[in-house]
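Take a look at the letters that make up each chain.
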Amino acid sequence: MYSDDDLQKGYKDFMLYRKPKPYLLVYDNDEETWRTSLFRIEYMAEKDGKEPDATQISQSMDSVRTYRILRFFKTIQGFHEGYLDLTGRHRSRLAEIVPKWSSYLQGFSELLVCAHRSVNPVPGHTYEEESYTFDDPDMAEKFMSKWKIPSELVDFGILICQTRITLETIARNTGGPRIQKLCLVDLPFEILDVIFYQCRLSDARLLSATSKQLRKIGERHVLSNRTILLKRLRFLSEDMEIADLPPHNCIISSVFAARDEALALCQFLLNRRDLLDRLKTLFVGDQCSGNSLDPPFIRDYPFSDLDGGHFYSPFYKALENVISSSVNLTELTLLRITMALDIISSLCNLPNLDLLVLRVCTVSREAQRALSAAAAGAFACSARCLQIVVDDPAQHSYYAMIFCPNVTHFSVYALGESLLLPPPEIIWDKCQFLPTLKYFCLGRISLFDLPMFVEWIRRSLHGISPKITHFKVQTEYSISDTQIEFFLEALGTAPLEVLSIQGALHADLSLFDWIANHFPNLRGLTLVRRESALSRDTKWPLPTWVYARCLSAFPKLEYFRWNNFDKRTEQYTTYSLRYFEDPSLANDQHEISEAHTNERFFIRDDNTPILFGAFCPNLRTLVLSYSAYRISRPVEGNTIRADEVRDRYLGEYEFDVFFEGHWPHRK
């Protein structure tokens, strides 16, 4: 029904060519699960220097074939019912599968004539088991072998059932196969553009190669994204074992090869001015040094000392030329880059730059001195969104605030075990964007330095009307209600619409009242209570209805997220009444299994969204620890409806980003 050719590849080929989500075919997800299991067996056997277990390999391959058989029937049914999978109902696909269906049906009919069904009781159970025997066993074996049907998992009874369902579907839909009339290229340009925008760069390249129309649309996305990397030495240990080289020599050869590759790409772009003019998004990173995923002898290696202390000079010079030549660049991400004055000047000369992301970057001492001594506006980047990620206690990354005076979205976040320190006081007066800032996020702040954070914000906003509408603060350790109020007071009269506090120690009712009094126009509120650094989900001390009543003080609240987690459950099932009617069923394993299948578990949180909706008239989204709900109020009557949403994030990025440190960037 489907070829086994791809199952003969090794696990390395599978890991290289496996399809990412979304899955295209029916049962594609289930098939890949077993394919992954199959190649994991091969990988572990090769790693241990052993032969793969033949039984395990056979079982995994049979499981993959089972889903392919089910897909075969579903595909025939889908063509006649008018719905199928993402591959579509096209004539080319139908032309391929119809001959297979005809050949299968002929062989199945011949085998069905000589098949005999028998039903036998299963010892110790109340149900019976059916089996089939054949007048010509060789015919049955050849049929199962031809169609690669694993008899251990798919017996002839299943084939009869699936074939019957398929034939009934064909008979019920008398119009014949329903060929898909709408194709991808028939969609409006705007939708195709969104599809390309959601694709990874590699997928966008493949999609744009399928037709002239899609290529014309996809060129904007394919040619507007570039990545320049000093690639991580991830295979260095294997290279040393193969080449039998000492670590020092292997590191040097690998890192110079990575630099040459990056320089070649930079030179290619500089020679193609047409490509630079189309460039919108650029990612530049140094993965060689300081990567926490690398072993210590690589992570701590002094790469900057190579080539007479000038190892990075050619790379940074080429980087400066690429940035300064990309006049239409709108988004730039720098990873582990040392920002000298030349690179900063190049950034300031980009007229269309909108988003600047600095991940574990440093500002050179020379640039720090120049920025500190420069007059206001001497260095002015056009970026409206500035995101900074740090992984050490150093504060030099904050110097980027000086040359980004137009920022409306500002986020700074600490990675790993590091805690976020406040900006050095020497640059407080140089930071010009806080009076016009709208989105503000501080992630994993150091509570020891909380007074300094408060003083920085208070001094920057003194004597003006702040415009901050979205504010988020996250602490790794618990912060008391008094400290929260002390922190929020620094915002003054900011017209907050969305507030996120992650790391509250108590979150007493008085804190709800205080927030409601100071920020009555809140549309979104997130409160994460944390009793220790390791605590993520916790049981809040008071009954749920008490906190729901507190939200009545927020007349405009639309979104509320908290981490209240109540493990207590209540079980209700009418199936258990059968035990009272017939006590002997309590010893029947089949009945016990059926009872568990039909049991209904009602978590106490199931009624929570209705409770919150009753107290908070405008609330439409409630997010709990492991569930999320959409709250609606039908026009007729006063009923409140709450529907659980599978997607935990709900697309409500305007209100909060629960695990990320940055407010989302919006163009």
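Computed from a predicted structure; not experimentally measured. (Residues numbered from 1 in each chain as written. Predicted model: local features only at pLDDT ≥ 70, side-chain atom pairs only at ≥ 80, totals over all residues. Heavy atoms only, no water.)

Student: What is the right way to look at the pairing of strand β13 (residues 498–504) in this model?
Tutor: Taken residue by residue, a regular strand's side chains alternate between the two faces of the sheet. A large share of β13 lies buried, amounting to 7 of its 7 residues. Looking at chain direction, strand β12 (residues 470–479) and β13 are connected through 6 bridges and run parallel. The residue bridging Gln474 from the neighbouring strand is Gln502, located in β13. Note on the crossover from β12 through helix α19 (residues 481–489) to β13: the handedness is right-handed. Across 6 bridges, the pairing between β13 and strand β14 (residues 524–529) is parallel. Residue pairing for β14: Ile501 is matched across the bridge by Leu527. After leaving β13, the chain enters helix α20 (residues 509–518) and then returns to the sheet as β14, a path that is right-handed. (Buried < 20%, exposed > 50% of the residue type's maximum accessible area, 1.4 Å probe, protein only. Helix = DSSP H or I, 4+ residues; strand = E, 2+ residues; numbered from the N terminus. Pairing = 2+ DSSP bridges. Right-handed = clockwise from strand over helix to strand, strands pointing away.)

Student: Even after reading the chapter, I still don't get the packing of helix α3 (residues 54–81) against helix α6 (residues 156–172), so can you show me in this structure?
Tutor: For any two helices packed against each other, the geometry is given by the interaxial angle and the distance between the axes. Packing of α3 against α6 brings their axes to within 8 Å, and their N-to-C directions diverge by 10 degrees. Here α3 lies roughly parallel to α6, going by the angle between them. Counting all contacts with α3, which are made through Ile69, Leu70, Phe73, Ile76, Gln77, His80 and Glu81, the residues of α6 involved are Leu159, Gln162, Thr163, Ile165, Thr166, Thr169, Ile170 and Arg172. In terms of residue class, the contact of α3 with α6 is made up of 7 nonpolar, 6 polar and 2 charged. (Axes fitted to C-alpha atoms, helices over the stretch in contact; angles between N-to-C directions. Parallel < 35°, antiparallel > 145°, perpendicular 65-115°, else oblique. Contact = heavy atoms within 4.5 Å. Nonpolar A, V, L, I, M, F, W, Y, C, P; charged D, E, K, R; others polar.)

Student: What should I look at first to understand the environment of Gln287 in this one?
Tutor: Tracing the sequence through the fold places Gln287 in the loop between β4 (281–286) and α13 (296–299). With relative accessibility at 19%, the residue Gln287 sits in the buried group. In the structure, Gln287 is positioned 48 residues away from Leu335 in sequence and 7.9 Å away in space, judged by C-alpha atoms.

Student: What exactly am I supposed to notice about the pattern of salt bridges here?
Tutor: Between side chains of opposite charge, a pair can form as their charged atoms come close. Evaluated as defined, the whole model comprises 20 salt bridges. Overlapping salt bridges, with partners in common, bring together Asp28, Glu31, Arg68 and Arg71 in one network. (Salt bridge = Lys/Arg side-chain N within 4 Å of Asp/Glu carboxyl O.)

Student: When you look at the state of the cysteines in this model, what are you seeing that I'm missing?
Tutor: Working definition: the covalent bond between the sulfur atoms of two cysteines is a disulfide. Evaluated as defined, the whole model comprises 0 disulfides. Unpaired in terms of disulfides, Cys348 finds its nearest cysteine sulfur in Cys381, a separation of 5.6 Å. Note on Cys348: relative accessible area 16%, which makes it buried. Here Cys404 is not cross-linked by a disulfide; its sulfur's nearest cysteine counterpart is in Cys381, at 4.4 Å. We classify Cys404 as buried; its relative accessible area is 0%. (Disulfide = S-S within 2.5 Å.)

Student: It is not clear to me how the packing of helix α8 (residues 201–208) against helix α9 (residues 212–223) should be interpreted in this structure. Could you clarify?
Tutor: Look at α8 against α9: their axes get within 8 Å of each other, and the N-to-C directions meet at 160 degrees. The orientation of α8 relative to α9 falls into the category roughly antiparallel. Relative to α9, α8 is oriented so that their crossing is left-handed. Counting all contacts with α8, which are made through Leu201, Ala204, Arg205, Leu207 and Ser208, the residues of α9 involved are Leu214, Arg215, Gly218, His221 and Val222. Of the residues contributing to the contact of α8 with α9, the split by class is 5 nonpolar, 3 polar and 2 charged. (Left-handed = near helix turned anticlockwise from the far one by under 90°.)

Student: What exactly am I supposed to notice about the confidence of the model for the protein here?
Tutor: Note that predicted coordinates carrying low pLDDT should not be read in detail. Looking at the protein as a whole, its pLDDT mean stands at 81, while 81% of the residues score no less than 70. At the level of individual helices and strands, the protein shows its lowest average pLDDT in strand β16 (residues 569–572), which scores 40, and its highest in α20, which scores 94. Across residues 9–20 the pLDDT falls below 50, and counting only partners more than four positions away or on other chains, this stretch makes 20 contacts in the model. (pLDDT = per-residue confidence, 0-100.)

Student: Would you take a moment to explain α9 for this structure?
Tutor: Residues lying three or four places apart along an α-helix face the same way, a consequence of the helix completing one turn every 3.6 residues. Over its 12 residues, α9 runs 16 Å from end to end, which matches the ideal 16 Å to within 8%, given 1.5 Å per residue. Of all the residues in α9, the buried ones are Leu214, Ile217, Gly218, His221, Val222 and Leu223. Lining the buried residues of α9 we find α7 (189–198), α8, β3 (225–230) and α12 (273–278). (Expected span 1.5 Å × (residues − 1).)

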